[in-house]
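Letter by letter, the chains look like this.
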Amino acid sequence: GSYIGWSGMEKIAEKMGLYAKYGLTKKDPMPKILQKWINGGDDTTYTKRNDAHDVYYEGGRVLAETIIELSDYFNIENVAVTGGIYFGKSGEIFKEGVEDTLEKYSGRNINVIIHTDDMKKLKYSGILGTGFQVYNIYAKDKQSKFIDEVYHLYAEDTDEKSDGELEYALRRFRKFPT
């Protein structure tokens, strides 16, 4: 199964024995607990902080191994990871696990972006991810129409229309080969 995302952090924590070590159950929101430990809440001990660090680092390492394996078959240049469990320090630790593993074993130039705290960038990732799905399924004219519709929806939803980041991302997206 997956070792990325919410369930991935739960599986890694279970594999490391953290549920038993801290008297937690499967009903406890392990990724949120780990984030609290990483951020050093009032009752966080050094051991809890290190255990939380190890879970997120391992998740990053597993993602890097997956990227390396897939890059034998696909030309992977960029990977974007989003989600609330990667916000803040937990995302930084996850990224550290990815980058250390890629550097040690890959030798490839693969850019990994972990959106750790910027909701605007999180929206871009979602838009482009959805665009990739459409691009791979539909003809170019339908894909182009979809991108235009998504752009207009986003433009209506934000006050930051003039920064050009979304426009740049969409222009690059349209240049992908069919």
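Residues numbered from 1 in each chain as written. Predicted model: local features only at pLDDT ≥ 70, side-chain atom pairs only at ≥ 80, totals over all residues. Heavy atoms only, no water.

## Focus on the pairing of strand β1 (residues 78–81)
Across the two faces of β1 the burial differs, with Val79 and Val81 buried and Asn78 and Ala80 not buried at all. Where β1 and strand β2 (residues 111–114) come together, four bridges link them in parallel fashion. By the bridge assignment for β2, Val79 is matched with Val112. Tracing the backbone out of β1, into helix α5 (residues 89–105) and back to the parallel element β2 gives a crossover that is right-handed. (Buried < 20%, exposed > 50% of the residue type's maximum accessible area, 1.4 Å probe, protein only. Helix = DSSP H or I, 4+ residues; strand = E, 2+ residues; numbered from the N terminus. Pairing = 2+ DSSP bridges. Right-handed = clockwise from strand over helix to strand, strands pointing away.)

## Digging into the packing of helix α4 (residues 46–70) against α5
Following both chains from N to C, one finds α4 and α5 inclined at 40°, their axes separated by 7 Å at the closest point. Considering their axes alone, α4 and α5 lie oblique with respect to each other. In this structure, α4 meets α5 at a crossing whose hand is right-handed. Note on element contacts: α5 touches α4 through Ser90, Ile93, Phe94, Glu96, Gly97, Val98, Asp100, Thr101, Leu102 and Tyr105, opposite His53, Tyr56, Tyr57, Gly59, Gly60, Arg61, Leu63, Ala64, Glu65, Ile67 and Ile68. In the contact of α4 with α5, the residues fall into eleven nonpolar, six polar and four charged. (Axes fitted to C-alpha atoms, helices over the stretch in contact; angles between N-to-C directions. Parallel < 35°, antiparallel > 145°, perpendicular 65-115°, else oblique. Left-handed = near helix turned anticlockwise from the far one by under 90°. Contact = heavy atoms within 4.5 Å. Nonpolar A, V, L, I, M, F, W, Y, C, P; charged D, E, K, R; others polar.)

## So, the nonpolar core
Counting residues in hydrophobic clusters, the biggest one holds 30 residues, and the most contacted among them are Tyr56 and Phe94. Looking at this core, the elements with two or more residues in it are α1 (5–15), α2 (18–22), α3 (30–39), α4, β1, α5 and β2. Sorting elements by how many residues they give to this core places α4 first, with seven residues. What Phe94 contacts, discounting residues up to four positions off in sequence, is Ile4, Met9, Tyr56, Gly59, Gly60, Leu63, Val81, Tyr86 and Ile114. (Core = buried A, V, L, I, M, F, W, Y, C linked by side-chain atoms within 4.5 Å.)

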